[in-house]
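Fold and contact review
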Amino acid sequence: MNIPYTNLPRLVIIGGGFAGVALARKMVKEDVQLVLIDRHNYHTFQPLLYQVSTSSLEPDSIAYPLRKIVKRGKNTFFRMAEVDAIDPDKQTVSTNIGSISYDYLAIATGARTNFFGNTTIENNAMRMKNLPQALNLRSLMLENLEQAVITTDPEERKELLRFVLAGAGPTGVELAGGIAELKLNVLPRDYPDMDFDDMEIHLIEGAPRVLPPMSEFASEKASKFLKKLGVHIHTNTQVQGYDNNIVTTNTDLSLRTATFIWSAGVTGAPVSGINAESLIPRANRYKVNEFNQIEGYDTIFAIGDISVMETKGYPKGHPMVAQPAIQQGSHLAKNLKRHLKGKTMIPFKYFDKGSMATIGRNKAVVDIGKFKFGGFFAWFIWMFIHLWFLVGFRNRFVTFFNWSYNYINYDKAARLIVRPFKNKQNTIDRV
């Protein structure tokens, strides 16, 4: 990897997501040699991926170069690589560009899309866990619109204009709302010769309500907002397959669509080499103690979505969202600093700052402790929080400008097919 030898302890971080970046930013100026590894050379602000898919933002608005994070330290390095395996006995990490030894290892590989073993859905559905996939989805939707405007077959047009989403968590709800706003405010002006009464948006959820992780208040408000936007909601319904452009479910619901988006679940993205006893099989997440040490290891830590810390308040681990990842990354940095000074580490305590989802213009829901908000005020809170946590001043400025432009002009400026989507066989999510 061409990393210079040093007498300093070496900290290797695998993954440049929320957890890995939080840890790296707190450790860049410490007396360690820090090596950050990721298969991409940028950090992605995943909560806004849906806005890239729906043409509200360009990808560089929500991406930040990882080298700009590590360059602030004298003994910090970034390597773009795919991790193959970990050898805990030799304390090495093997990648496609070589191996590297470590004194401390932090695994922050995050999560990938979970298809629950359904290969037909995995092979044919669109997913949205990273920037390339978000761009694929944007291109496919725009290509289907271009095809719909020229076809003379009304049934084919309906198929091209029917969007089906599986999973009504925050991602599914926000994406459905984004597509609905395109239909109402943008596409009729782009395609004046097409009747958008033919365009349908279907949101399918296996649970009895949308936004199952959030409050009943948030669920009811979100359902009301989505229905007002024209979204068809199907609860207590599970998707069983998607083949030949037909979505089948466990009910009599069957939909023909050229755009089927899967946002119904995630699973951890583990690295081979760690003892199987330390991995929760179905979740593919590492069991960690209160210091984020993987069970059975003193110098190997797991933070963020890849970790499960069982506590009294969270017996199944913390939610797989940004806040636990950021807090665990920052807390691990404090503990590593203490450990390097010979002090005892402090147990991690998660502070729940709430959850939120936006459904569209002036429409959002927010749960903060006992306080529940819906509508414009919640939408304002959602915008402020997301702008605040974007990495980099330029990203905040560009995103705020785009949002202001979209709000004033009822327009989304990123409706470009820059990279045509030709192959419906999706690549596997990787670290």
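Report on the accompanying structure. (Residues numbered from 1 in each chain as written. Predicted model: local features only at pLDDT ≥ 70, side-chain atom pairs only at ≥ 80, totals over all residues. Heavy atoms only, no water.)

Some words on the side chain of Ser223
With respect to the helices and strands, Ser223 occurs in helix α8 (residues 216–228). Since its relative accessible area comes to 16%, Ser223 is described here as buried. (Helix = DSSP H or I, 4+ residues; strand = E, 2+ residues; numbered from the N terminus. Buried < 20%, exposed > 50% of the residue type's maximum accessible area, 1.4 Å probe, protein only.)

Topic: the pairing of strand β23 (residues 355–360)
Within a regular strand, side chains alternate between the sheet's two faces. Counting buried positions along β23 gives 5 out of 6 residues, so the element sits mostly inside the fold. Both β23 and strand β24 (residues 363–368) contribute to a ladder of 5 bridges, which runs antiparallel. Of the residues in β24, the one forming a bridge with Gly360 is Lys363. Remark: 2 residues form the turn of the hairpin made by β23 and β24, two consecutive strands paired antiparallel; Asn362 in that turn has positive phi of roughly 65°. (Pairing = 2+ DSSP bridges.)

What to know about helix α9 (residues 322–340)
Over its 19 residues, α9 runs 27 Å from end to end, which matches the ideal 27 Å to within 8%, given 1.5 Å per residue. Backbone geometry just after α9 places Gly342 at a positive phi near 80°. (Expected span 1.5 Å × (residues − 1).)

Some remarks on the sheet that holds strand β13 (residues 231–234)
With parallel pairing, the 4 strands of this open sheet are ordered in space as β13-β12-β11-β17. In the strand order of this sheet, the two ends are held by β13 and β17 (259–262), each with one partner. Taking each pair of neighbouring strands and ignoring which way they run, the sheet shows an average axis angle of 15°. Summarising the sheet, strand β11 (residues 162–166) and strand β12 (residues 200–204) pair through 5 bridges and their orientation is parallel. Across the sheet, the residue bridging to Val164 is His202, located in β12. Packed onto the sheet, helix α5 (residues 131–150) meets β11 and β17 and runs at close to 160° relative to β17. Here α8 sits on the sheet and contacts β12 and β13; the angle it forms with β13, its principal contact strand, is near 135°. (Axes fitted to C-alpha atoms, helices over the stretch in contact; angles between N-to-C directions. Contact = heavy atoms within 4.5 Å.)

Notes on the packing of helix α10 (residues 376–389) against helix α11 (residues 393–409)
Close contact between α10 and α11 brings their axes to 9 Å; oriented N to C, the two are set at 155°. The angle between the axes of α10 and α11 places the two elements in the roughly antiparallel class. Residue-level inspection shows Phe376, Trp379, Trp382, Met383, His386, Leu387 and Trp388 of α10 in contact with α11, the latter providing Arg396, Thr399, Phe400, Trp403 and Tyr407. A breakdown of the residues in the contact of α10 with α11 according to their chemical character gives 9 nonpolar, 2 polar and 1 charged. (Parallel < 35°, antiparallel > 145°, perpendicular 65-115°, else oblique. Nonpolar A, V, L, I, M, F, W, Y, C, P; charged D, E, K, R; others polar.)

As for helix α1 (residues 18–27)
Because the α-helix completes a turn every 3.6 residues, residues three or four places apart line up on one side. α1 sits mainly inside the fold: 8 of its 10 residues count as buried. On its buried face, α1 sits against β1 (10–14), β2 (33–38), β3 (42–44), α3 (66–70), β9 (104–107) and α9.

Considering the nonpolar core
Membership of the largest hydrophobic core comes to 95 residues, with the highest contact counts inside it found for Leu23, Leu48, Ile62 and Leu203. With sequence-adjacent residues up to four places away left out, Ile62 is seen in contact with His43, Thr44, Phe45, Leu48, Leu49, Val52, Leu57, Leu131, Leu390 and Asn395. Judged by nonpolar contacts, the second largest core, of 27 residues, contains Ile14, Ala81, Ile274 and Ile306. (Core = buried A, V, L, I, M, F, W, Y, C linked by side-chain atoms within 4.5 Å.)

Considering the pairing of β1
When you tally the buried positions in β1, you get 5 out of 5 residues, the bulk of the element. By the bridge criterion, 5 bridges tie β1 to β2 in an arrangement that is parallel. Looking across to β2, one finds that Ile13 is bridged to Leu36. Pairing of β1 with β9, which is carried by 4 bridges, proceeds in the parallel orientation. Bridge pairing in β9 places Val12 opposite Leu105.

By themselves these figures say nothing about function.
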